[in-house]
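Geometric and topological summary
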Amino acid sequence: MAFTCATGKHRRPSRMQRTSVRAAGIAALTTTGVMATVASTPAFGAEPTPEQTGLIPVVTAGESVVEQIDDQVAVQKHAAFEEAARQAAAKKAVEEREARVRAAREAERKRLNTFVSPITGSYVSTSYQASSSLWSSGSHTGIDFHAASGTTVHAVGLGTVVEAGWGGSYGNQIVIKMNDGTYTQYGHLSSIEVSVGQQVTPGQRIALSGATGNVTGAHLHFEARTTAEYGSDIDPVAYLRNHGVNV
């Protein structure tokens, strides 16, 4: 019995051929389905909807994150600006306060180094070293300022009271050791308003003028000295003028 080999068109397709045919069939069906779908849509070849692609949610989420970051950056910038402004204001306040303190200290320093006349708005009625038998030394050891009894007497500068009380021919007197080491004396007072050891400042009221002691009428006797003792007197007019007082 003779056998005939299956050849030509009757031969069973190979595995590769079968696979190719199946793929071609699927492609054809898919193409047909796609064409039918495209034909049924209003616009041929239109872009897929965002819902189909899923791109819009991603883009929207990305934009939301960016906006949140931008908001955070803006808040941080605003906070940094406010903090910088606060620090600048605080620094300015400190500088202004320090400037006021320095100015006040300088003003006080100038005030304490300032000299004034012992009697405001008065004048010298008897000059220094004027000759007269009224004085035991034969000459005037100070100057007299015209002043009615009860006129305010001022400390001429910064100093400390070393004598306050009766002074013989000077009547009620005050002697002050000045801050520069010199001494000033105020005589013939009707009342004394300071005590020994007390510090006085320029222009401070220390007494009232009067006519106590060896006098012929009310006035203020003023001396400038190198010590607290009688006989160490120096020219009081020159002394006051050297300290800026117009006498």
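Going along each chain's sequence as written, the residues are numbered from 1 onward. Selection of residues for local features in this predicted model requires a pLDDT of at least 70, selection of side-chain atom pairs for listing and counting requires 80 or more, and totals for whole chains, interfaces and linings are taken over all residues. Heavy atoms from the whole structure form the basis of all side-chain values; hydrogens and water molecules are not counted.

**Here we look at the pairing of strand β2 (residues 143-146)**
Of the strand pairs in this sheet, strand β1 (residues 124-126) and β2 are connected by 2 bridges, and their pairing is antiparallel. Residue pairing in the sheet places Thr126 in a bridge with Asp144 of β2. Strand pairing is assigned whenever DSSP identifies at least 2 bridges connecting the two strands. A run of H or I in DSSP becomes a helix once it reaches four residues, and a run of E becomes a strand once it reaches two; helices and strands are each numbered from the N terminus. Note: β2 against strand β9 (residues 219-225), 4 bridges, orientation antiparallel. Paired with His146 across the two strands is His219, which belongs to β9.

**Focus: the environment of Phe222**
Its location among the elements puts Phe222 in strand β9. With 37 residues separating them along the chain, Phe222 and Gln185 place their C-alpha atoms 5.5 Å apart. Note on contacts: a residue pair qualifies if any of its non-hydrogen atoms lie within 4.5 Å across the two residues. Other than its neighbours up to four places away in sequence, Phe222 contacts Pro118, Gly142, Ile143, Phe145, Val156, Thr184, Gln185, Tyr186, Pro236 and Leu240.

**Considering the packing of aromatic side chains**
By convention, a stacked pair of Phe, Tyr or Trp rings (six-membered ring in the case of Trp) has centres within 6.5 Å and planes under 30 degrees apart, an edge-to-face pair has planes over 60 apart, and any other such pair is tilted. Inspection of every chain in the model, using the stated rule, returns 4 aromatic pairs. Taken together through their ring pairs, the aromatic side chains of Phe145, Tyr186 and Phe222 make up a single cluster.

**A short note on the confidence of the model for the chain**
Values of pLDDT, ranging from 0 to 100, describe the predictor's confidence in every residue of the model. Across the chain, pLDDT averages 83, with 74% of residues at or above 70. In this model residues 1-10 is a low-confidence stretch, pLDDT under 50, and it forms 1 contact with partners more than four residues away in sequence or in other chains. Counting contacts from residues 26-45, a segment whose pLDDT is below 50, to residues more than four positions away or on other chains yields 2 contacts.

**Brief notes about a negative patch on the surface**
A cluster of acidic side chains, namely Glu63, Glu67, Asp70 and Asp71, defines a negative patch on the protein surface. Relative accessibility thresholds used throughout: buried, under 20% of the residue-type maximum; exposed, over 50%; partly exposed, between the two (1.4 Å probe, protein chains only). Look at Asp70 and you get partly exposed, because its relative accessible area is 46%. Note on patches: the residues involved have over 30% relative accessible area and no salt bridge, like charges join within 9 Å, and the nonpolar side chains Val, Leu, Ile, Met, Phe, Trp and Tyr join within 5 Å. For the area figures, the Shrake-Rupley method with a 1.4 Å probe applies, and any residue is considered shielded solely by the protein chains shown. The salt bridge definition used is simple: a Lys or Arg side-chain nitrogen within 4 Å of an Asp or Glu carboxyl oxygen. His is not counted, nor are the chain ends, whereas Lys and Arg count as positive and Asp and Glu as negative. Charge positions come from single atoms, namely NZ of Lys, CZ of Arg, CG of Asp or CD of Glu.

**Focus on the pattern of salt bridges**
Working definition: two side chains of opposite charge can pair if their charged atoms are close together. Tallying each qualifying case throughout the model produces 5 salt bridges. The salt bridge involving Glu83 is made with Arg86; its shortest N-O contact spans 2.7 Å. One end of the pair, Glu83, and the other, Arg86, are both in helix α3 (residues 55-112), 3 residues apart, so they sit about a helical turn from each other. Exposure remark for Glu83: the relative accessible area of 32% places this residue in the partly exposed category. Among the salt bridges present, the one from Glu223 reaches Arg225, with a minimum N-O distance of 2.9 Å. Here Glu223 matches Arg225 in class, with each residue buried.

**Some details on the nonpolar core**
If you look at the biggest cluster of nonpolar residues, it comprises 26 residues, and the most contacted ones within it are Val153, Ile174, Ile176, Tyr186 and Ile206. Contributing elements (two or more residues each) for this core: β2, β5 (172-178), β6 (183-192), β8 (205-209), β9 and α4 (236-242). As used in this record, nonpolar core signifies buried Ala, Val, Leu, Ile, Met, Phe, Trp, Tyr and Cys residues forming a set joined through side-chain atoms within 4.5 Å.

**Re the pairing of β6**
Along β6, 7 of the 10 residues are buried, which leaves the element largely enclosed by surrounding structure. Note: β5 against β6, 5 bridges, orientation antiparallel. Paired with Ile176 across the bridge in β6 is Thr184. Hairpin connection between β5 and β6: a loop of 4 residues separates the two successive antiparallel strands, and Gly181 in this loop has a positive phi of roughly 95°. Here β6 pairs with β9 via 5 bridges, running antiparallel. Following the sheet pairing, Tyr186 is matched in β9 by Phe222. For β6 and β8, the ladder comprises 3 bridges, and the chain directions are antiparallel. If you follow Ser191 over to β8, its bridge partner there is Leu208.

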